[in-house]
Amino acid sequence: MPGKDHRIFHGRGPHVSRRSALVGSAATAACLFLPKPGLTEFLPNAPAGRALGTAYPRRDGPLKVQGAARFAAEQRFPGMVYGALVYSTVARGMIRRIETETARAAAGVVFVMTQENAPRLAPPEPFYASPTGMAGSAIPVMQDASVHWNGQPVAVILATTQEEADHAARLVRVDYEEAKAVTRFDDAAAQAPIAFYAGRELQYRDGDAEAVLAEAEVSVDLDFTTPQQTHNQIEPHAVTVAWQDGILRMHDCTQGVDLSAITIAKVFGLDPSQVHLTAEFVGGGFGGKTLWQYHILAAAAARLANRPVRMALTREGVYRICGGRAPTRQRVALAARLDGGLTALIHSGTTMKIAQNAMTEPFMEAAEHLYRTDTMRLEIRAGVRDMLANTFMRAPGAAVGTFPLEVALDALAERLAMDPVELRIRNEPEVDPTTGKAFSQRALVEALREGARRFGWQSRAGERLGWREGEWLVGTGMATAYYPYKRFPGGAARIRLGQDGRALVELAAHDMGMGTSTATAAVAADRLGLPYEDVEIRYGDNRLPGSMIAAGSQQMAAIGAALTAVRDALVAELAALVPAGMALHGRPAEAMTIRDGALVLTSDPAVRMTLADLLAGAGRREVSAEATAPPPSEARDWSMHSTGAVFAEVRVNAVTGELRVPRITGVYDCGRILNPTLAASQFRSGVVMALGMALMEDTHFDERSGRIANPSLAAYYMPTHLDVPEIDVAWTGIPDPEAPSSARGIGEISMTGLAAAVANAVYDATGKRVRDLPITLDKLL
């Protein structure tokens, strides 16, 4: 490709201006990140002794390729039985009669549970509705005959094999008394109030944007839609549970071991210490692996039957009871002067939710923080529908919000006769557009320029530059990527440091395939001044310290802050052991650190005492400390966001409308990169998932019945290997001085921007401005 040399480009480090200009186009360290046959990835290691930035291979890799990593549905208890669910077929109403006699008599069936014999349970607490809530909704679980959505579990079958349980579930007959349900988007939207999310109303006004729009020299005013989408993690949801000596033991696939344990403990009236929940290996989460009704039903049935239970959902079962991304209708209107400066930015619209949760798709967040404008109006309304609970899905808000914003900017650039990259650069703010806070670190302009260079972007002045190759119409497009920095409270860790200089780090964190244990070991090695190989990590257990969740691209920030706190506590423990007469004796712990297997004076590392001598002298084999991270004040004081630039080439068949994406370039500004191998994988995986959002993914919600009509991979389309193009990824690598480990999250940003880049490329190729996702061939014919 023209102009490409496959470099990772870096800035000057944390001591330059916090807006971090690039040093020309010079780059340190070459790196190839193209999945092309015959090419080998060269992943540069950091200087010796520095764990952060080193491309360590994933610690869990060998276990997974050997089949030795045991997931939730592969755990076993003696005497275990298998569960299957019966799902409602109406959107709202009451169970008039449920016939289970035939199912009870079926071969292998050991127990059947319905609302008639289910135990009394408290409603689960949803995420954001409570500081410890982890449930998808607050709907009571099988407590009466009420039906709240089409697909709600109405019976549980336990049998000696999965096949027997599935067969018996098909024998259950249910009669319903249907009630009027709100299932149409238009009906719910007509009564939709201003949405409330994460502690605030989703609206913002600065000036009279509508009036400015009406008088603008140049403007665009466009409507967009995005569909409902369903989670399809490679590991379907599952849990294996047993009641042992008054303890509820759960092997789960959760993104939050501690909060899930607390939530289910409250449902059953238990103390959280009576729930032991583990999730060492999780096959993808993306926001959907929280606490759902099947967890509670499995635990309740296991208690009544006095048998351990494995409840592994089918793919259809996931579609019926585990939520996904809500649909949206959005409007973006932009006004500008002839020089391209924005004078008005309006981003408004409506999404759907259920009455019993606190989740709203916050699609206006990118518009809040990306561009400078004279006036702004942002507003989200949330209609309430009788449907499966909506929930978090990779890059909630930003994934669907960047699509209309960035397509509208492309349309505005055309009307201004200006290059789309240049338009974005001209509207780069000096401070946050809505809060007025200084940026902790931001290099979006550099990412835009580097992305254009790597991709071989041809500057344009409002004209389409697409071309034709036989039947194929070829075009290119670009967009900005965006995701906010987050760090939730609850980060904590424990470190045991031995006389041999090896450390065991324990924390209730999660690895859903992104390499958490690998990155955590590198951060711990950095904090403790130890070789990476001398750090062991234990995670995925609610009995370990912390209440962390793997969500919002914030887990590594929580881990980094926790490891700094526990390192300081460990130094204090060691300082107390220094014997009289030693140069370190009597020094304040704040003046010391751990380096190269020794306790040293920070200002003069020559003043030191080896850990082996220190512990031996104190008669100790090890020293341990536990600490909690301080509150996340950094995002209160600074504007902290990750950004990026995404470029795409498309080919549209002029005869059939078939759409292909042969190449994508993404350059991301996310602070320091802790491990280039893991980062490349994360960025690429987000791009692949975003490609599905752009071209394929669409949950068909039947508004007549409230039922999902395509609950399987046979009818819900996602990218396969042949759909995935060359993906060239790079990053600025400029440390963020306000973030723990100087790194912001990377798990979700590459999910954003691509849908708009593809849509803009389609316009360049065909002249058709597609504003409704997914971009399917019927929209191109």
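The following refers to the structure shown.

What counts, and at which threshold
Residues numbered from 1 in each chain as written. Predicted model: local features only at pLDDT ≥ 70, side-chain atom pairs only at ≥ 80, totals over all residues. Heavy atoms only, no water. Helix = DSSP H or I, 4+ residues; strand = E, 2+ residues; numbered from the N terminus. Rg over C-alpha atoms; globule rule 2.2 N^0.38 Å. Buried < 20%, exposed > 50% of the residue type's maximum accessible area, 1.4 Å probe, protein only. Contact = heavy atoms within 4.5 Å. Areas by Shrake-Rupley, 256 points an atom, 1.4 Å probe, with all protein chains shown as cover. Lys, Arg positive; Asp, Glu negative; His and termini not counted. Charge placed at Lys NZ, Arg CZ, Asp CG, Glu CD. Salt bridge = Lys/Arg side-chain N within 4 Å of Asp/Glu carboxyl O. Pairing = 2+ DSSP bridges. Axes fitted to C-alpha atoms, helices over the stretch in contact; angles between N-to-C directions. Parallel < 35°, antiparallel > 145°, perpendicular 65-115°, else oblique. Left-handed = near helix turned anticlockwise from the far one by under 90°. Expected span 1.5 Å × (residues − 1). Disulfide = S-S within 2.5 Å. Core = buried A, V, L, I, M, F, W, Y, C linked by side-chain atoms within 4.5 Å.

## Quick look at the overall build of the protein chain
Argument step 1. Within the protein chain, the secondary structure is distributed over 18 helices and 31 strands.
Argument step 2. Taking 28 Å as the expected radius of gyration for a compact globule of 781 residues, we find that the protein chain reaches 27 Å, a close match to that expectation.
Argument step 3. On the principal axes, the C-alpha backbone points of the protein chain span a range of 85 × 75 × 55 Å.
Argument step 4. Classification of the 781 residues of the protein chain by burial places 62% in the buried group.
Argument step 5. Here the contacts in the protein chain between residues at least 6 apart in sequence split such that 80% fall between residues at least 24 apart.
Argument step 6. For the protein chain, the exposed surface amounts to about 28400 Å²; the carbon and sulfur share of it is 51%.
Argument step 7. Distance between charge centroids for the protein chain: 2 Å, based on 79 positive and 86 negative side chains.

## Remarks on the pattern of salt bridges
Argument step 1. Across all of its chains, the model carries 45 salt bridges by this definition.
Argument step 2. We note a salt bridge from glutamate 235 to lysine 289, for which the minimum N-O separation is 3.0 Å. Separated by 54 residues along the polypeptide, glutamate 235 in the loop between strand 10 (218-226) and strand 11 (238-244) and lysine 289 in the loop between strand 13 (275-278) and helix 7 (293-305) bring together distant segments of the chain.
Argument step 3. The buried category is assigned to glutamate 235, whose relative accessible area is 9%.
Argument step 4. Take lysine 289: its relative accessible area is 0%, and that puts it in the buried class.
Argument step 5. Between glutamate 414 and arginine 769 there is a salt bridge; the shortest N-O distance is 3.8 Å. Taken together, the positions of glutamate 414 in helix 10 (residues 398-416) and arginine 769 in the segment after helix 18 (754-766) put the pair 355 residues apart, joining distant regions of the chain.

## Some thoughts on the sheet that holds strand 19 (residues 472-484)
Argument step 1. The mixed open sheet is built from five strands, whose spatial order is 18-19-27-28-31. Looking at strand neighbours, the two that pair on one side only are strand 18 (467-469) and strand 31 (726-731), the edges of this open sheet. Pairs of neighbouring strands in the sheet enclose a mean axial angle of 25°, with direction left out of account.
Argument step 2. As paired strands, strand 18 and strand 19 are joined by three bridges and run antiparallel to one another. Bridging from a neighbouring strand, glutamate 469 pairs with tryptophan 472 of strand 19.
Argument step 3. The sheet contacts of helix 18 involve strand 19, strand 27 (641-653) and strand 28 (659-669), and relative to strand 19 the element is tilted by about 155°.

## Regarding the packing of helix 17 (residues 676-695) against helix 18
Argument step 1. One way to put it is that helix 17 packs onto helix 18 with a least axis distance of 8 Å and a crossing angle of 50°. Relative to helix 18, the element helix 17 lies oblique. Crossing hand, helix 17 versus helix 18: right-handed. Contacts from Val687, Ala690, Leu691, Met693, Ala694 and Leu695 of helix 17 reach helix 18 at Leu754, Ala755 and Val758.

## Here's the deal with the pairing of strand 11
Argument step 1. Burial analysis of strand 11 places six of its seven residues in the buried class, the great majority of the element.
Argument step 2. Inspection of the sheet shows strand 11 paired to strand 14 (residues 309-312) by four bridges, in the antiparallel sense. In the strand pairing of strand 14, threonine 240 is matched with arginine 310.
Argument step 3. As consecutive antiparallel partners, strand 11 and strand 12 (residues 247-252) are separated by two residues, and within that stretch aspartate 245 has a phi angle of approximately 55°, a positive value.

## Some words on unusual backbone geometry
Argument step 1. Look at the link from leucine 773 to proline 774: it is a cis peptide, with omega at -5°.
Argument step 2. Tracing the backbone shows proline 774 in the segment after helix 18.
Argument step 3. In this structure, alanine 395 takes a positive phi of about 60° despite not being glycine.
Argument step 4. In this model, alanine 417 sits at a positive phi of 55°, which is unusual for a non-glycine residue.
Argument step 5. When you line up the elements, alanine 417 lands in the loop between helix 10 and helix 11 (420-426).
Argument step 6. With relative accessibility at 46%, the residue alanine 417 sits in the partly exposed group.

## Some details on helix 10
Since the α-helix packs 3.6 residues into each turn, any two residues three or four apart lie on the same face.
Argument step 1. The first and last C-alpha atoms of helix 10 sit 26 Å apart over 19 residues, in line with the 27 Å expected at 1.5 Å per residue.
Argument step 2. Once helix 10 ends, the next one or two residues include alanine 417, with phi positive near 55°.

## Some words on the sheet that holds strand 2 (residues 93-99)
Argument step 1. Read from one edge to the other, the open sheet built from three strands follows the order 4-2-6, with strand pairing classed as antiparallel. Here the strands that pair on one side only, and so sit at the sheet edges, are strand 4 (146-147) and strand 6 (173-178).
Argument step 2. Strand direction decides the pairing type here: strand 2 and strand 6, joined by six bridges, are antiparallel. Bridge pairing in strand 6 places isoleucine 95 opposite tyrosine 176.

## Some details on the state of the cysteines
Argument step 1. Tallied over the entire structure, the rule returns zero disulfides.
Argument step 2. For the unlinked cysteine cysteine 322, the closest cysteine sulfur is that of cysteine 253, found at 8.1 Å.
Argument step 3. What makes cysteine 322 buried here is its relative accessible area of 2%.

## Some points on helix 18
Argument step 1. Along its 13 residues, helix 18 runs 18 Å from first to last C-alpha, staying within 8% of the 18 Å computed at 1.5 Å per residue.
Argument step 2. Among the 13 residues in helix 18, 13 count as buried, and that is most of the element.
Argument step 3. At the exit of helix 18 stands glycine 767, carrying a positive phi of roughly 80°.

## As for the nonpolar core
Argument step 1. Of all hydrophobic cores here, the largest spans 101 residues; its most connected members are Phe683 and Ile775.
Argument step 2. Here this core gets 12 residues from one element, more than from any other, and that element is helix 10.
Argument step 3. Those residues within four positions of isoleucine 775 in sequence are excluded, and the remaining contacts are Leu659, Ala694, Leu695, Ala755, Val758, Ala759, Val762, Val770 and Leu780.
Argument step 4. Among the nonpolar cores identified, the runner-up in size contains 64 residues, and Val156, Trp292, Ala300 and Phe701 belong to it.

Interpretation note: all reported values are geometric properties and have no functional meaning in isolation.
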